[in-house]
There are 2 protein chains.
Amino acid sequence: MSKKYIYFFGNGKAEGNAGMRAILGGKGANLAEMSNLGLPVPPGFTIGADVCKAYYDNKNKYPAGLAAEMAKHLAALEETIQAGLGDTTNPLLVSVRSGAAASMPGMMDTVLNLGLNSKTLAALVSKTGNERFAWDAYRRFISMFGDVVMGIHRDKFEHEIETIKKKARVKNDTDLTVKHLQDLVERFKQIYKKDTGEAFVEDPKVQMQKAVNAVFDSWNNPRAIKYRELYNIKGLLGTAVTVQAMVFGNMGNHSATGVCFTRNPSTGENKFYGEFLINAQGEDVVAGIRTPEPISNLKKVMPHLYDELIQYKNLLEKRYKDMQDIEFTIQEDRLYMLQTRNGKRTAKAALKIAADLVNEGVIDKKTAIMRIDPDQLDQILHPVFDPKAKKVVIAYGLPASPGAATGKVVFSAEEAEKLAARDEKVILVRKETSPEDVAGMHAAQGILTSRGGMTSHAAVVARGMGRCCIVGASDVNVDYKTQRFSVNGKTVRHGDYISLDGTLGEVMRGQVPTIEPKLSGEFDTLMEWADKFRKLEVRANADTPKDAAKARSFGAQGIGLCRTEHMFFGENRIDYVRQVIMLAPEVKNLKATIAAHEADLERAGKDLRIELKKEIAEAKEALKFPRKMYQQALNKLLPMQRGDFEKMFKVMKGLPVTIRLLDPPLHEFLPHDDKTRREMAHKVGMSLSEIIAAGTRLEELNPMLGHRGCRLGITYPDIYDMQVRAIIEAACNVKKKGIGIYPEIMIPLACTAAEVKLLKDNLHRMAGEVMKKKGVKVKYLVGTMIELPRAALMADKIAEQAEFFSFGTNDLTQMTFGFSRDDVANFLLDYIEQGILEKDPFQSLDQDGVGQLVEIGVKKGRSVKPRLKIGICGEHGGDPASIEFCHKVGMNYVSCSPYRVPIARLTAAKANIQGAEASSTA
Amino acid sequence: MSKKYIYFFGNGKAEGNAGMRAILGGKGANLAEMSNLGLPVPPGFTIGADVCKAYYDNKNKYPAGLAAEMAKHLAALEETIQAGLGDTTNPLLVSVRSGAAASMPGMMDTVLNLGLNSKTLAALVSKTGNERFAWDAYRRFISMFGDVVMGIHRDKFEHEIETIKKKARVKNDTDLTVKHLQDLVERFKQIYKKDTGEAFVEDPKVQMQKAVNAVFDSWNNPRAIKYRELYNIKGLLGTAVTVQAMVFGNMGNHSATGVCFTRNPSTGENKFYGEFLINAQGEDVVAGIRTPEPISNLKKVMPHLYDELIQYKNLLEKRYKDMQDIEFTIQEDRLYMLQTRNGKRTAKAALKIAADLVNEGVIDKKTAIMRIDPDQLDQILHPVFDPKAKKVVIAYGLPASPGAATGKVVFSAEEAEKLAARDEKVILVRKETSPEDVAGMHAAQGILTSRGGMTSHAAVVARGMGRCCIVGASDVNVDYKTQRFSVNGKTVRHGDYISLDGTLGEVMRGQVPTIEPKLSGEFDTLMEWADKFRKLEVRANADTPKDAAKARSFGAQGIGLCRTEHMFFGENRIDYVRQVIMLAPEVKNLKATIAAHEADLERAGKDLRIELKKEIAEAKEALKFPRKMYQQALNKLLPMQRGDFEKMFKVMKGLPVTIRLLDPPLHEFLPHDDKTRREMAHKVGMSLSEIIAAGTRLEELNPMLGHRGCRLGITYPDIYDMQVRAIIEAACNVKKKGIGIYPEIMIPLACTAAEVKLLKDNLHRMAGEVMKKKGVKVKYLVGTMIELPRAALMADKIAEQAEFFSFGTNDLTQMTFGFSRDDVANFLLDYIEQGILEKDPFQSLDQDGVGQLVEIGVKKGRSVKPRLKIGICGEHGGDPASIEFCHKVGMNYVSCSPYRVPIARLTAAKANIQGAEASSTA
């Protein structure tokens, strides 16, 4: 038996049903379902999406047998509706529509009124007795067919309509007379012939075949491909094609067409919502050519049909247990249902509808939670552009951190701070950002960079701050010297206004107005429900008390990552940090010399002893000044860091705070201009050239793989000692005030258990000293980041030394792929376009590859300590797919930027519900 | 029962034996063994190395019960020899010697003649009737005890001897009279008192205890620690201490002492070899104070003792089945055996002795192979410094590539080439090297860099070329401007001679003379035997026909890695390479624009069509010049690369040649000075600023993790297409001449199966075209490097696309550790010194961590293709421990630099023999 390709529906029954989306597409499946429910659906048939796949797999050829099957179904349709395609007395008109399993609105093609030609037109006129209707249908068909099937630009047809309306001095299409429409048909046919070189297709069967071809072709038109890429729609077979008998809303004043929602898709309110047009086809509603009336008015003009519609919409909502988006047509006082689907809605509406449906007893809480798209929550957590505002997009970049920002362009962090201090709103535009820019980024409304990927410095910091940010806008050519950037031939100067849409990655000219979000009661309700269903704890990445407070207000259960280095850039601090960095190597070397000589001394004879003692004295003399300056700088930093931690502990009282010891390469902290260098030289008693030389020595070819993380703690123990002292002193001080503190100290970038042991031992020693001195005991944990492949592979050994693991999946992704997140933009787009990678692995965890290392790390860690606390603090901690993964591998918590905490709470609940369902059905 | 700590030997029997090295040390175990063999060994006892461990573990305290056990054994010794320690009529004198399980010559301490004081001296005089001997022993004991136990510098004692000799006008110590010696003793005691603040120790038991302490302390003296670090001696308990009755070679003309080898340790010749001194103690032979006589002379002076010695040396060689290094003493016509051990030997001798022992039927071939230290082979493969030459070491660095080089200092690659062209020998001194320096490196005798680790660019390239190289000599401050370098206060100028010892990492002033190595017949014999026993194939990394020929002469069975980029730097080529690089992005962008417009065109209406056509025409116009220049450059490179490959194929006829497609980041090829940039600008029709801007665009923050490897092949397919064409054209051309060619094309830096599939498909298409055109079919393989953690983790998927794997363990190590090999020097030393890492993971594969990924890669690859060919082409392919690992995990081949091919052949054999033994005993 040959494979079935086509599925019939009509007469209150169907070969398909709502469960067959993959084959029938959403539209086809729901038409079948409505037929089965006994709703008045015009009959038709759906060609499965597997035909589309076969068509592309087989070089645009259809599978054998399809033509015969189509003929059979067409005959059945003709039989059902008692009309014939091309029949010159009782002609059948059909629509040919695309429809994939995932919604791709407006992306693919549709042809209406198919079946008309000069002969069937005449029959239609005589059959309906409505000449105007027939000619109107004909002109619509020609233009639509010309546009969709033959690729003639629709402007050309529109232009003719406008011309004729002007000539006739009428405002609406409906005011055109039969004569006008006949003229239009003539003009359209001319356009058709001129553009395609052939006369308009007369044979309805050829029309149908061409239309079906066009729909299948539209699956891979650039718009559609782009759309799927953008919305990450993967794994579909293709589009289905539904051929359905036409019904007409434009057969006079007893006809109408409308679109409605069972509830308000914008607010979620449980109120029938929608609009309709008398004497119009559906496309008129969608196209906005005429202004439709609110659905409530239908009650006045066609009360019994309105009641019928209400009955159907209630039936559909009950059947689908969700808000429905419904299309209907009324043809001469008869209601036809053309489409139903789960309605798109705003995040706000999604929350309200879900909560209401629970309260109405339609769905349970779990289902409600499963209904909310975590990514969509972003919408309500950040300010957004007024959707009604006009916008001129001048460039696109990667949407690194959502939100809407407007401000004056500045090109340096200092200037951002300066202007912000005067209450000016600024957008910081940089080629890329570095830690020196953090204060300026904080001062700015938004950040735009021409380089970098989704986890570049700019992206990560901005997300953490909740600042709107677009990165890697490679068309933007920044010129710091002239203080302007050029983009596609246009120039934007310092002080010009631009607006950034961090959700879409759009850079717009001028000030686009924004609206502030308000969190509804339903938001809190849903979040509470989510908290009940999740197992994963949700923490936040926060480096300042302000961010910590924000995170807490969003429901964070602790800080999963507090990056101490961000504290180093504060005012009055960076100088001391630099002082430490510049002097540390010198102090270290001199100390080593002294130690080596002193060791020799013990075994040396008298003469040698004299020599050695002289050298030791010299080294000690040479050490005096730098050590003094070095110790002085450390002493200055200690109370500052302690103060930072005290504030963090107070904000997070009762909740754990995970503090990562210094991580980035020291070079990042040094000044890069001679003026600052000179100031520093003066301070630390070195010459400018020595300062430059010291900086050069710290430069690395691959800083990401260089002297950073705990390697700094190993080579320069004083810095970590100072940090640990600050943490434990702060903890003691805050505890004395009766506030609960749970510091968790985290060692970054370990690749061996030995590093962790060595640093942990030092840390305990220092903490012990502090607690003894303070007379206070605080409980604290010492853990490590797992962010190098080797750390994951050696996790059993490392677990022996660590009280918790936190996966740093940013670095882990870098090392596993060998991708520098700062440089990946050079080829990532090619990789995604050519299908090598599905998505940016810095945005969503690469579960196939990097995920293996995470699993190995979790398993090996727990093989040694079965109850080892394990979390994630990479950027992936805020990505729903990655959070799901973290849940699956059995982590204890995820930590993400404050603004993503609700998203993580929700996703964690969904993952747990899904997991439970999967295991209960397994 | 308490633990046994001390082991007695003497009277033809012993409590220990040769198998107890771990506890007794090499010396103690062999003394026990000789006793058991019935050889005349002075009796004594050995305190086990476990005591040393306990001593250190327990803060320099001995285990309980040791004192009693020592007293018991001392009593037994006194009983055996019928003399008493401190006995004033028949005093026992003993030696106290260190001795660990691994030989650490001269690193730890020994005290002789212990037991003497003013009273026992008198007894010794009366007992021996030899006043001179007794006083001589006494003065020796005081100075040795003062030096070893009390830390008085031995120069002070030597100075007194010289003074007294001068005063007495005698040349030799033996010419000193009793009076002189008595004076000396007096002076020595004064020195002792002055330096230590106390009188010389009289109590022999205290002497003994202090001496034992000193030996245990010497285990952790800085010299010893350094030595163990240097020779990677790990896992020992500590040193044993042997207390043994003294015998005296200095009791007159019927006494003597000597050191001998059962065969010649320098040539391997089977001829008794050694030297002796009449009337002397062993230290005199070793110290070289008097000139000893050849051992053959002993036959003349003491023929019966000579015969006895011959009998013993034969017995010992038979027992140990290896060449022995023997110490003996003759006391008043009686021969005593003091030590035997497997003799150290040169690589040349090692080969000859192993081969001879096989021919003599003493050992089998497997044993012979197991006897050769692969690392030692390096000695005979490179020129070496004349060991007799004087050398002034001015700096140390990492011994990156072995060999001995002498030449004038130059600071640029160009100058190295220029001077070399005039037949001058030069040493290229750089902070670090880049691919631009390759020709200069080749022209130089040796390379010295102040930065970089064992696998920095300089190190890798130099090893590949067999050029002597020292890297990371951080004391060397290179100043390009003044053309000099300073090192520890000294200055070396351009044109000054220096010498590099690439085996030791020594930088020496002036021209140190070298000697050329000759490979013996035994070398070939052993290599042939090794080839029979090994399973691993050995290939070489070679980029030039010259290197390939060298590799072949050393027995390489193919090329495992031919880096095409090294070919790019040849004369007349780099310009074209740069032309391609500069223009590729522009050509790509314009082509993309045209393609996009052309796609739009198909569906556009007439008006839009006109617009698009205009834009397409403009883009095509703009594309003309750059495309021409781009294509021209590719066309120029094609025949050059083809020529390279033809030569490689001819040299390697009948053997496989693995060619890696372009790998390094493009930025490496660009000029970094304005002069060259200007020349280039002129050539490619761009402005200087455009050239600079293009270069800046290619710059990356972390080039190692950037746009390189197959990522270049994905984004700029033309470059790989050109390379593939060159390879297959070359293969066709050479095959036409009847020469067997086996090209294996290798895709670098893949992290996904999709990359490999895409590039492989392109490659097959291009190869197909070429072969069709040439009318020749060549068999070739397409494989991939596994050098990213993700590649190893996804090896099952990748194996579906690849015909072979080659592990690039350099990069794999970088990514797995997160260590940049160029920057690792900043902390690696600290890591090794603090015991975090045992050794440089770039030198010897980190089997614990990186090894896991290699194993995963091998297993997953073979899970899909059980017979998948797998090799390694990282630097580790030449490291014996790593080769062993490769054998264990079941690789098919290792590939290493030509000069390490014999080392790899030998190691592969050893690994296989060991594996077979392990599995047969398992």
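Sequence order sets the numbering: in each chain, residues are counted from 1 along the sequence as written. Whichever chain is written first is A, and whichever ligand is written first is 1; the rest continue in order. Note on the predicted model: pLDDT of at least 70 is required for a residue's local features to be given, and 80 or more for side-chain atom pairs to be given and counted; whole-chain, interface and lining totals, by contrast, use all residues. Only heavy atoms go into the side-chain values, all of them from the structure, while hydrogens and water stay out.

Undergrad: Would you take a moment to explain the sheet that holds strand 19 (residues 476–479) of chain B for this structure?
TA: Pairing between the strands of a sheet is mediated by backbone hydrogen bonds and can be parallel or antiparallel. Residue and element names in this part refer to chain B. Whether two strands pair comes down to DSSP finding at least two bridges between them. For helices the rule is a DSSP run of H or I covering at least 4 residues; for strands it is a run of E covering at least 2, with both sets numbered from the N terminus onward. With respect to topology, three strands assemble into an open sheet ordered 19-20-21, the strand pairing being antiparallel. At either margin of the open sheet sits one strand with a lone partner, and together these are strand 19 and strand 21 (490–493). For this sheet, the mean inter-axis angle between neighbouring strands, taken without regard to orientation, is 20 degrees. Fitted lines through C-alpha atoms serve as axes, helices being fitted only where they are in contact, and the angles separating the N-to-C directions of these axes extend from 0 to 180 degrees.

Undergrad: I would appreciate a short explanation of the pattern of salt bridges in the present structure.
TA: Side-chain pairs of opposite charge can arise whenever the charged atoms involved come near each other. Residues and elements named next belong to chain A. For this document, the term salt bridge refers to a Lys or Arg side-chain nitrogen within 4 Å of an Asp or Glu carboxyl oxygen. Tallied over the entire structure, the rule returns 86 salt bridges over all chains. Across the salt bridge formed by Asp356 and Lys352, the nearest N and O atoms sit 3.0 Å from each other. Placement of the pair is Asp356 and Lys352 together in helix 13 (residues 347–359), with a separation of four residues, close to one helical turn. On the basis of relative accessible area, Asp356 is assigned to the buried category, the value being 12%. Using a 1.4 Å probe on the protein chains alone, a residue whose accessible area is under 20% of its type maximum counts as buried, one over 50% counts as exposed, and one in between counts as partly exposed.

Undergrad: Sorry if this is basic, but what is going on with the interface of chain B and chain A here?
TA: Interfaces are frequently sized by the accessible area removed from exposure as the parts join. On the side of chain A, 61 residues touch chain B, which itself brings 62 residues to the contact. Around 5,500 Å² of area is buried between chain B and chain A when both sides are counted, 55% of it from carbon and sulfur atoms. Of the charged contacts in the structure, one is a salt bridge between Asp846 of chain B and Arg790 of chain A, with a shortest N-O distance of 2.7 Å. Contacts described as polar in this section are N or O atom pairs within 3.5 Å, which, within protein, must combine one atom able to donate a hydrogen with one able to accept it, while residues neighboring in sequence count only if both atoms come from side chains. At the junction of chain B and chain A, the tally comes to 26 residue pairs in polar contact (both at pLDDT 80 or more). Contacts are assigned to residue pairs that have any heavy atoms within 4.5 Å of one another. Accessible area, probed at 1.4 Å, shrinks when two parts are joined; the buried area is that loss added up over both.

Undergrad: Where do I start with the packing of helix 27 (residues 717–736) of chain B against helix 28 (residues 753–774) of chain B in this structure?
TA: Two numbers describe a pair of packed helices, the interaxial angle and the distance between the axes. All names here are of chain B. The geometry of helix 27 relative to helix 28 is characterised by a closest axis approach of 9 Å and an angle of 40 degrees between their N-to-C directions. The orientation of helix 27 relative to helix 28 falls into the category oblique. By crossing handedness, the relation of helix 27 to helix 28 is classed as right-handed. In this structure, helix 27 contributes Pro717, Tyr720, Asp721, Val724, Arg725, Ile728, Glu729, Cys732, Asn733 and Lys736 to the contact, and helix 28 contributes Leu759, Asn762, Leu763, Arg765, Met766, Ala767, Val770, Met771 and Lys774. In terms of residue class, the contact of helix 27 with helix 28 is built from eleven nonpolar, two polar and six charged. These descriptions rest on fixed angle ranges, namely under 35 degrees for roughly parallel, over 145 for roughly antiparallel, 65 to 115 for roughly perpendicular, and the rest for oblique. Note: crossing handedness is left-handed where the near helix turns anticlockwise from the far helix by less than a right angle, and right-handed where it turns clockwise. Residues are grouped as follows: Ala, Val, Leu, Ile, Met, Phe, Trp, Tyr, Cys and Pro are nonpolar; Asp, Glu, Lys and Arg are charged; every other residue, Gly included, is polar.

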